[in-house]
Amino acid sequence: MLNAMRNYYIFKSGRLSRKDNSIMFETQEEFKSIPVNDIDSLYIFGEVDINTKALNFLAQKGIVVHIFNYYGWWTGSLYPREELLAGEVVIRQAEHYLDRNKRIEIAREFVKGAIHGFVYNLKRYKHKDIGKEIFQQLDNYLNLVNEQEDIPSLMGIEGNARDLYYDMFPNIIRQDIEFDKRVKRPPNNIMNALISFVNSLVYTAVLKEIYRTQLNPTISYLHEPSYRRFSLALDVAEIFKPIYGDRTIFDLLNNRSITEDHFDKDLNYCYLKETGRKIVVKAFEEKLNTTIKHKKLKRNVSYERIIRLELYKLIKHLLGEEVYKSFRIWW
Amino acid sequence: MVNGVYINYYFHCKRHLWLFARNIRMEHNSEDVFIGKLISAYSFDRRRHEIQIVDDEDAIVMDFIDKNRKVVHEIKKSNKLEELHIWQVKYYLYVLEKKGIMGFKGLINYPKQKRAIKVELSDEDRTTIKEVIDDIHEIINSVKPPPVINKSYCKKCSYYEFCYC
Ligand code: SF4
């Protein structure tokens, strides 16, 4: 019944409203009606008018709505009132945040997951040789993770590993693309614009999965709990950014589905044009829907589902029954 | 506080009981639950009178009580978990007795299978239920959830992915 649920992306400008059990999207040219039970989450890129009736309806149906600005940057999400509340989980989440040792233990796993992702990507996607010493170095960072006793130094290790990884991008990407340094706000070149955009897709995908569990999205371990972001989604996204996000980028650039023509440059910004966003979103969506046999579950699960399973593992850790070990790609 | 659902889960899977009692539920995206509700809601439409008895110790919601014939009716979708259903109804009879409502029998109806089972409460059952209730308290008050049970029906349980991932 709910298997038909999927993410909807709105690129055009228009008007969103509720009509009976459907969400209507109206533009100058067309009129589209989506049964609300089909919607898993909603991405709004266009300039969209929406009223409270529609918002209430979406919220009541537990649909997370992500909003992006003119440049395609995530600006916020409508996170409906939680349906799956369990004081138990939130209390233990807080307990694991307040106790430094417990906190760093979880934070380390997120960093390890990220660095493992770097390593897997470099191994799989390189077309120019990557020196042994790079892998040794990354391995070294992995070992150092266990030795870090506070969050800032742990973040430091992750940063170093990430820099090293990004430095190797020219050995992975077969297009001549300018990419000096990772700059986040605002992205200043094509590569940075692409990374930022894809990372926001990973982040929002994680956020939606968090909504479907009892976890509170604001209590986090690697990132400081923050009032501006759902920081637990940032934490968990670290693990999936290399494997889900970067791999989408490599594929798109290497088969030239995305080229320089898909970007626009402002005075200071570089950003994806609508045509480019559509291509990236489609590729990312395909990635999320790809299924893979899960060893322990002995059934096929989608990449999207794997994010949920990661959250279940975290809950089990918080409940004290199984030590959390972050996701490693097994395929 | 113990209720009929707890009794059900107790015999089904103690881990399920713990998770449920702690409000750790999975998304309700199971068609089964939906169909279960429909059958329960419509099959006995005309004489539908849900009866609730709630106090500090117990909470039961019975589908239908026939006062004249002194029968507690329970409606179930499938008779696969018959054993569980029987204990659930025995527990209802037990709670009724505790309230001084004596002499009732139970009838479990499986409309889909056109089948019904009679349930009576023996002395042995009374002792068992007392023990079960104590046991339930102990389980739901323990800090950690009981381990997974590795039964074939785990695959159909809403917690399957949670338990085995
Ligand atoms: S999956 Fe199995 S172990 Fe887990 S709650 Fe369900 S019945 Fe119990």
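Residues numbered from 1 in each chain as written. Chains lettered and ligands numbered in written order. Predicted model: local features only at pLDDT ≥ 70, side-chain atom pairs only at ≥ 80, totals over all residues. Heavy atoms only, no water.

Colleague: Can you lay out the interface of chain B and chain A for me, pointing to particular residues and giving the numbers?
Modeller: On the side of chain A, 28 residues touch chain B, which itself brings 21 residues to the contact. Where chain B abuts chain A, roughly 2,300 Å² becomes buried across the two surfaces, and 54% of that area is made up of carbon and sulfur atoms. Taken as a group, Glu27, Glu161 and Cys165 of chain B account for 31% of the area that chain B buries against chain A, more than any other trio of residues on that side. Our count for the chain B to chain A interface comes out at three salt bridges. Among the salt bridges present, the one from Glu321 of chain A reaches Arg15 of chain B, with a minimum N-O distance of 2.8 Å. The tally of links from chain B across to chain A stands at 11 residue pairs in polar contact (both at pLDDT 80 or more). Secondary-structure elements contributing two or more residues to the side of chain B that touches chain A are helix 2 (14-21) and helix 6 (160-164) of chain B. If you tally residues by element for the side of chain B that touches chain A, the top one is helix 6 of chain B, at five residues. Taken together, the residues of the side of chain B that touches chain A sort by class into 10 nonpolar, three polar and eight charged. (Contact = heavy atoms within 4.5 Å. Buried area = accessible area lost by both parts, 1.4 Å probe. Salt bridge = Lys/Arg side-chain N within 4 Å of Asp/Glu carboxyl O. Polar contact = N/O pair within 3.5 Å; in protein donor to acceptor, adjacent residues only side chain to side chain. Helix = DSSP H or I, 4+ residues; strand = E, 2+ residues; numbered from the N terminus. Nonpolar A, V, L, I, M, F, W, Y, C, P; charged D, E, K, R; others polar.)

Colleague: Which residues make up the site of the ligand, and what values go with them?
Modeller: Residue and element names in this part refer to chain B. Around the ligand, the neighbouring residues are Cys13, Arg15, His16, Val148, Ile149, Cys154, Cys157, Tyr159, Tyr160, Cys163 and Tyr164. In this structure the site holding the ligand corresponds to the largest cavity. Looking at the shell around the ligand, the elements that each hand over two or more residues are helix 2 and helix 6. Among the elements that make up the shell around the ligand, the one with the highest residue count is helix 6 (three residues). (Near = heavy atom within 4 Å. 1 Å grid on protein atoms, 1.4 Å probe; cavity = no way out; pocket = protein on both sides within 12 Å on 5 of 7 lines; lining within 4 Å. Sits in = over half its atoms within 2 Å of the grid points.)

Colleague: Mind laying out the packing of aromatic side chains, listing which residues take part and the relevant values?
Modeller: Here a ring pair, both rings aromatic, is described through the centre-centre distance and the interplanar angle of the planes. The final tally for this structure, using the stated rule, is 34 aromatic pairs over all chains. Consider the rings of Phe118 of chain A and Tyr165 of chain A, whose centres lie 4.3 Å apart with planes at 15°: the pair is stacked. With Phe118 of chain A in helix 3 (residues 100-125) and Tyr165 of chain A in helix 5 (residues 151-167), this residue pair connects regions lying 47 residues apart in the sequence. A single burial state applies to Phe118 of chain A and to Tyr165 of chain A, both of which are buried. Clustering of aromatic rings is evident, with ring pairs tying together Tyr9, Phe11, Tyr43, Phe45, Phe68 and Phe197 of chain A. The side chain of Lys316 of chain A reaches across the aromatic face of Phe162 of chain B, ending 5.6 Å from its centre. Taking NZ or CZ as reference, Arg25 of chain B lies 3.7 Å from the ring centre of Phe20 of chain B, over its face. (Phe/Tyr/Trp six-rings, centres within 6.5 Å; stacked < 30°, edge-to-face > 60°. Buried < 20%, exposed > 50% of the residue type's maximum accessible area, 1.4 Å probe, protein only. Lys NZ or Arg CZ within 6 Å of the ring centre and 35° of its normal.)

Colleague: Give a description of the sheet that holds strand 3 (residues 58-62) of chain B that names residues and reports values.
Modeller: All names here are of chain B. Strand order in this open sheet of three strands is 1-3-2, and the pairing throughout is mixed. Edge positions in the open sheet fall to strand 1 (2-3) and strand 2 (51-54), since each of these has one partner strand only. Two elements, strand 1 and strand 3, share two bridges in a ladder whose sense is parallel. Among the inter-strand pairings, Val2 is bridged to a residue of strand 3, identified as Asp58. (Pairing = 2+ DSSP bridges.)

Colleague: An account of the pattern of salt bridges is requested, with residue identities and associated values reported.
Modeller: Residues and elements named next belong to chain A. Enumeration according to the criterion identifies 28 salt bridges over all chains in this entry. We note a salt bridge from Glu88 to Arg92, for which the minimum N-O separation is 2.6 Å. Pair noted here: Glu88 and Arg92 are both in helix 2 (residues 87-98), with a separation of four residues, about one helical turn. Judged by its relative accessible area of 19%, Glu88 is buried. Classification of Arg92 by relative accessible area gives buried; the value is 9%. Salt bridges linked by common partners bring Asp40, Lys208, Glu209, Arg212, Glu304 and Arg308 together as one network.

Colleague: Describe in detail empty space enclosed by the protein, supporting the description with residues and values.
Modeller: For the coordinates displayed, the defined rule picks out three cavities of 30 Å³ or more. Within this model, the largest cavity holds a volume of roughly 100 Å³. Those elements giving two or more residues to the lining of the largest cavity turn out to be helix 2 and helix 6 of chain B. Classifying every residue of the lining of the largest cavity by side-chain character gives 10 nonpolar, two polar and one charged. Within this model, the second largest cavity holds a volume of roughly 40 Å³. In this structure, the second largest cavity is lined by Tyr71, Gly72, Trp73, Ala193, Phe197, Cys270, Tyr271, Leu272 and Arg277 of chain A. Secondary-structure elements contributing two or more residues to the lining of the second largest cavity are helix 6 (190-211) and strand 10 (270-272) of chain A. (Points joined across faces, edges and corners; volume = space filled by probe spheres on them.)

Colleague: Before we move on, could you go through the pairing of strand 3 (residues 22-26) of chain A and cite the residues and values that matter?
Modeller: All names here are of chain A. Counting buried positions over the five residues of strand 3 gives four, a clear majority of the element. Pairing between strand 2 (residues 14-19) and strand 3: five bridges, direction antiparallel. Bridge pairing links Arg18 to Ile23 in strand 3. With five bridges joining them, strand 3 and strand 4 (residues 31-35) adopt antiparallel strand pairing. Each residue of the ladder has a partner; that of Ser22, found in strand 4, is Pro35. Here strand 3 folds back onto strand 4 in antiparallel fashion, the turn holding four residues.

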